[in-house]
Amino acid sequence: MVTAYEVATFAGGCFWGVEEAFRTVPGVIETAVGYTGGSTVSPAYRDVCSGNTGHAEAVRIRYDPSTITYRELLERFFAIHDPTTANRQGPDVGDQYRPVIFYHSEDQEREARALIEELNRSRRYPRPVVTEVLPAGPFFRAEEYHQRYLQRLRERSRW
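Remember, predicted model here, so these are calculated numbers, not experimental data.

Enquirer: I keep staring at the sheet that holds strand β2 (residues 28-36) and nothing clicks. Help me out?
Expert: Working definition: the strands of a sheet are paired by backbone hydrogen bonds and lie parallel or antiparallel to each other. Taken in spatial order, the 6 strands make up an open sheet running β7-β6-β1-β3-β2-β8, and their pairing is mixed. Edge strands, defined here as strands with exactly one partner in the open sheet, are β7 (132-135) and β8 (139-141). Between one strand and the next, the sheet's axes are offset by a mean angle of 35°, whatever the strand orientation. Relative to β7, strand β6 (residues 100-103) is paired through 4 bridges, and the arrangement is parallel. Residue pairing across strands places F102 opposite L134, the latter belonging to β7. Against the sheet, helix α1 (residues 15-23) touches β1 (6-11), β2 and β3 (56-63), its axis set at about 165° to β2. Helix α4 (residues 106-122) rests against β1, β3, β6 and β7 of the sheet, and its axis sits at about 155° to β6.

Enquirer: I keep staring at helix α3 (residues 70-80) and nothing clicks. Help me out?
Expert: Residue pairs three or four apart in sequence face the same way in an α-helix, which turns once every 3.6 residues. Listing the buried residues of α3 in full gives Y70, L73, L74, F77 and F78. For α3, the buried positions fall inside an angular range of 135° around the axis, keeping them on one side. In this structure, the buried side of α3 is in contact with β1, α1, β2, β3, β6 and α4.

Enquirer: Which parts of the structure should I look at to understand the packing of aromatic side chains?
Expert: Two measures describe an aromatic ring pair: the distance that separates the ring centres and the angle between the ring planes. Scanning all chains against the criterion turns up 7 aromatic pairs. Judged by centre distance (4.7 Å) and plane angle (15°), the ring pair of F10 and F77 falls under stacked. Here F77 lies in helix α3 and F10 lies in strand β1, a separation of 67 residues in the sequence. Residue F10 shares its accessibility class with F77, and that shared class is buried. Linked through ring pairs, F10, F22, Y70, F77 and F78 together constitute an aromatic cluster.

The rules we used
Residues numbered from 1 in each chain as written. Predicted model: local features only at pLDDT ≥ 70, side-chain atom pairs only at ≥ 80, totals over all residues. Heavy atoms only, no water. Pairing = 2+ DSSP bridges. Helix = DSSP H or I, 4+ residues; strand = E, 2+ residues; numbered from the N terminus. Axes fitted to C-alpha atoms, helices over the stretch in contact; angles between N-to-C directions. Contact = heavy atoms within 4.5 Å. Buried < 20%, exposed > 50% of the residue type's maximum accessible area, 1.4 Å probe, protein only. Arc of directions from axis to C-beta. Phe/Tyr/Trp six-rings, centres within 6.5 Å; stacked < 30°, edge-to-face > 60°.

It is worth stressing that arrangement in space is one thing and function is another; only the former is reported here.
Here is the structure:
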């Protein structure tokens, strides 16, 4: 029986770290870093870094839902970013680093909003969650040198 893979898209700071946090998770089939959520068509990295495109640095994840659920991906996402800070993650500042869940279905939207509500009710964080939940739009794959950047950097440093 062939499993139908699904797609999830998250933005939570520099896409290198977000990609690395998901790349080796069992059930994640493929990751790609890119730009989404803005108005510029086919932006380049320097365009997105200017803060004028409206795009966020994001990671598109293709995953096997029979191995990992969307809820588990969401929980991992919330574990790797500060969901109470808009337009900043760690040392990265600008709207291209804003935290966003880009949903691909009504079920994904419902799960994301429910988890945010649950997190706010639990007071897990000292401030309310500001991670946005937006419909997925066009995803522009980043330049090749950004793909699996941290993995390649680690492999080069082993020499």
